[in-house]
Amino acid sequence: MEAIHLWWIGDGDPGPRTLEHVRNHLARALGLPVRVFEDPARPADAWDARRKQWSTSRILAWLAHAGPPGKVLAVTDQDLFIPILTFVFGEAQLDGRAAVVSTARLGEPGLPDPRVALERLAKEAVHEVGHCFGLVHCDSPGCVMGRSSTARDVDRKRGEFCSRCRDHVSRRGGGA
Amino acid sequence: MTGRDTRVLVVDDEEIVRESLGGWLREDGFEVDSAPDGKSAVERMKAERWNVMLVDLKMPGMDGLQVLEEARKLQPDAAIIMMTAYATVDTAVTAMKLGAFDYLVKPFDPEELSILMQKVVTQQSLVRENAVLRKALKKEHRFRDLVSKSPAMQRVFELAQVAARSNSTILVLGESGSGKEVLARTIHEESPRSQGPFVAMSCAALTETLLESELFGHERGAFTGATGRRKGKFEAASGGTLFLDEIGDISPKLQLDLLRVLEERKVQRVGGNEPVDVDVRIVAATNKDLRKAVADGTFREDLYYRLNVIPVTLPPLRERKEDVPLLVEHFLDRLEAEMKKRVKVSPEAMSALLAHDWPGNVRELRNVLERGAVVAQGDVMKPSDLGLAPAPARAPGTNAPGEPPSLEEVEKRHVAEVLAHTGGNVTQAARLLGIDRVTLYNKIRKFQLRRDGEEPDPAGG
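In this text, all values refer to a predicted model and were calculated from it rather than measured experimentally.

Cut-offs and rules
- Residues numbered from 1 in each chain as written.
- Chains lettered and ligands numbered in written order.
- Predicted model: local features only at pLDDT ≥ 70, side-chain atom pairs only at ≥ 80, totals over all residues.
- Heavy atoms only, no water.
- Core = buried A, V, L, I, M, F, W, Y, C linked by side-chain atoms within 4.5 Å.
- Buried < 20%, exposed > 50% of the residue type's maximum accessible area, 1.4 Å probe, protein only.
- Helix = DSSP H or I, 4+ residues; strand = E, 2+ residues; numbered from the N terminus.
- Contact = heavy atoms within 4.5 Å.
- Phe/Tyr/Trp six-rings, centres within 6.5 Å; stacked < 30°, edge-to-face > 60°.
- Lys NZ or Arg CZ within 6 Å of the ring centre and 35° of its normal.
- Polar contact = N/O pair within 3.5 Å; in protein donor to acceptor, adjacent residues only side chain to side chain.
- Pairing = 2+ DSSP bridges.
- Axes fitted to C-alpha atoms, helices over the stretch in contact; angles between N-to-C directions.
- Salt bridge = Lys/Arg side-chain N within 4 Å of Asp/Glu carboxyl O.
- Buried area = accessible area lost by both parts, 1.4 Å probe.
- Parallel < 35°, antiparallel > 145°, perpendicular 65-115°, else oblique.
- Left-handed = near helix turned anticlockwise from the far one by under 90°.

Draft legend 1. Highlighting the nonpolar core. Core analysis: the largest hydrophobic core is formed by 37 residues, its most contacted members being Leu63 of chain A together with Leu21, Leu25, Leu54 and Met117 of chain B. Counting only elements with at least two residues in this core, the list comes to α2 (56-66), β5 (72-76) and β8 (98-102) of chain A together with β1 (7-11), α1 (15-27), β3 (52-56), β4 (79-84) and α5 (110-140) of chain B. Ranked by residue count, the leading element in this core is α5 of chain B, at five residues. With residues near it in sequence (within four places) discarded, leucine 21 of chain B still touches Ile84 of chain A together with Val10, Leu54, Met83, Phe108 and Leu113 of chain B. Residues Ile4, Phe87, Ala99 and Cys162 of chain A belong to the second largest nonpolar core, which totals 34 residues.

Shown next, in the form of structure tokens:
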């Protein structure tokens, strides 16, 4: 059973609870061991000075060679983009091994409870890793693989796969 | 929302945009491909069907608006979304006018793109549903070339289908232009004789001698000008169907000759002695009241009964107005095939078509649409393009109020009315007016009328 690696590549300190919460959530949803990978390397080339954001495609390319073996989810506090969109919460290689997710847009200012943002991060982490298992977006109500364009969309999802997506992950080696 | 079954073509000269947008859409289950410029996009449109196209406005060579114009022609059902980094109201308005589904400014807000793609998937599923329903409806409302959903015509279809299988003579009754020949042809095509010939003959167009020779043929020297032996329509239709139109107009002598053929199934060529066996199925038609003609003594009763084995009456179009939109669709499909141009009918023009009384029936409707398709500026027919003749009571006179019209004016108006009544059929109009066709053509020219009786629009529209 190949473990999934979780790697903090952000600027600030994530705090002890953040990665632990995401790790537990991922392990439960995917039924696979999840290990925190620690390394000071950062994808400096992924910074786009014109857009003042980080390019997800460059991060994913970097993760593929700089990351540990197997599937790897990078977590950051930096704002992410793909060229066609103003921002993204995260991105993954469809049926590939690298994924990235950001906290930058998940906790809007004035959010009364910081646990809401943490919950959103856990859901988006599962979502992006789901893409690495070949899942596309799902329209089953509440499935974590539903498309989220806003934080409100993330709140509407559960943190789990629907039965169809779960079966798909199981067939691809997940133990969910 | 997922985009399963939705094919998307991304057209952009920047590879990074093609990849990034393609990836985003694939995650939603869309089937995505891309083209790096306008020219290759047009090639892809010619080769394959696309549901959605996301097209960059500013590209070297063929720009996005030109791609949009080509897409409207090649794949009119596809939804085209224009993308640009330079948002100007002008280009947005132009794109929308040219039929773009929507317009996005790069980079897109994820929510905006997501909502737009949801809209497009819904719209495309409606397009698909609409096409399936239209196809099903067309099939349901068709009997080969006949199109109708009216209960009266549905009964005609049923009767004709049953009658086609027999060998009995069929008498088709109906006003001029109501589709008697189309029905006869349909019966032939549905019959076991469909591999044989279908021969149509109008009995009103010719003199008695000529008609006799046309129907039964003649031997050499049978009359002045008969330089050789010639087979008649009965022989020509052997093994198939002979359609005798305007049967109510034949002379008493020909009525007798025809009766003999129907009884004996043999014809005798004019000037000949040997009877020739004929194997034809007769479909006769008339717009006259044959029963009344029998009562008046102008039509043989025995012939009437021979012809009236299976009578089928085609209702006039004014009694089945519900068929007008269906027939419009049918004729526009045909015109599209002929003219390589799809013309639509504006709601106002459709109201005018529904309000018209159609004295010339389906033939008149076909002529009106043909004219409209030719005259229409662009691809939408307006009421003024149809050139529908005003109701006779409202026909404007050129005389001053209170002053009686001149004889010439009355004649002109009458000729126009009769032509409108026959739906532009000059032969019938000449017969109704009691003049020959050449005289009628001269009058049409003299009064500058068109064949459908309408006076030309002085504005030239």
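Draft legend 2. Quick look at the packing of aromatic side chains. Taken as a whole and judged by the stated rule, the model has seven aromatic pairs over all chains. An aromatic cluster of three or more residues is present, and its members are Trp7, Phe37 and Trp62 of chain A. It is arginine 7 of chain B that lies over the ring of tryptophan 50 of chain B; its NZ or CZ is 4.2 Å from the centre.

Draft legend 3. Fine view of the side chain of histidine 356 of chain B. All names here are of chain B. Relative to the helices and strands, histidine 356 resides in the loop between α14 (347-355) and α15 (361-375). Owing to a relative accessible area of 12%, histidine 356 belongs among the buried residues under this scheme. One polar contact links histidine 356 to glutamate 364, side chain to side chain, over a distance of 2.9 Å.

Draft legend 4. Representation of the sheet that holds strand β3 (residues 47-48) of chain A in the model. Residues and elements named next belong to chain A. Spatial ordering of the open sheet is given by β3-β4-β6, a layout of three strands whose pairing is mixed. Every other strand in the sheet has two partners, leaving β3 and β6 (80-81) as the edge strands with one partner each. Here β3 pairs with strand β4 (residues 53-55) via two bridges, running antiparallel. Paired with tryptophan 47 across the two strands is tryptophan 54, which belongs to β4. The sheet contacts of α2 involve β3, β4 and β6, and relative to β4 the element is tilted by about 50°.

Draft legend 5. Structural view of the pairing of strand β16 (residues 310-313) of chain B. Residues and elements named next belong to chain B. Burial of the side chains of β16 is restricted to one face: Ile310 and Val312 are buried, whereas none of Pro311 and Thr313 on the reverse face is. Judged from the four bridges that link them, strand β8 (residues 170-173) and β16 form a sheet pairing that is parallel. Bridging across to β16, leucine 173 finds its partner in threonine 313.

Draft legend 6. Fine view of the pattern of salt bridges. All names here are of chain B. This structure, assessed with the given rule, holds 40 salt bridges over all chains. With a closest N to O distance of 3.9 Å, lysine 382 and aspartate 385 form a salt bridge. For lysine 382, a relative accessible area of 38% gives the class partly exposed. The exposure class assigned to aspartate 385 is buried, which follows from its relative accessible area of 5%.

Draft legend 7. Molecular detail of the environment of valine 368 of chain B. Residues and elements named next belong to chain B. With respect to the element layout, valine 368 can be found in helix α15. Its relative accessible area of 6% is what places valine 368 among the buried residues. Taking C-alpha positions, valine 368 is 9.2 Å from leucine 353, a pair spaced 15 residues apart along the chain. Not counting residues up to four positions away in its chain, the partners in contact with valine 368 are Leu353, Trp358, Leu386 and Leu388.

Draft legend 8. A look at the interface of chain A and chain B. At the interface, 19 residues of chain A touch 20 residues of chain B. Summing both sides of the interface, chain A and chain B together bury roughly 1800 Å²; the carbon and sulfur share of this comes to 59%. The three residues of chain A that bury the most area against chain B are Ile84, Leu85 and Arg147 of chain A, which together make up 36% of that side's buried surface. Along the contact surface separating chain A from chain B lie three salt bridges. Residue glutamate 111 of chain B pairs with arginine 152 of chain A through a salt bridge whose shortest N-O separation is 3.1 Å.

Draft legend 9. Just the packing of helix α8 (residues 208-216) of chain B against helix α10 (residues 252-264) of chain B, in detail. All names here are of chain B. Interhelical geometry of α8 versus α10 gives an angle of 15° and a closest axis separation of 10 Å. Between α8 and α10, the angle is such that the two are roughly parallel. Considering only the axes of α8 and α10, their crossing is right-handed. Along the contact surface, α8 presents Glu208, Leu211, Glu212 and Phe216, while α10 presents Lys253, Leu254, Asp257, Leu258 and Val261.

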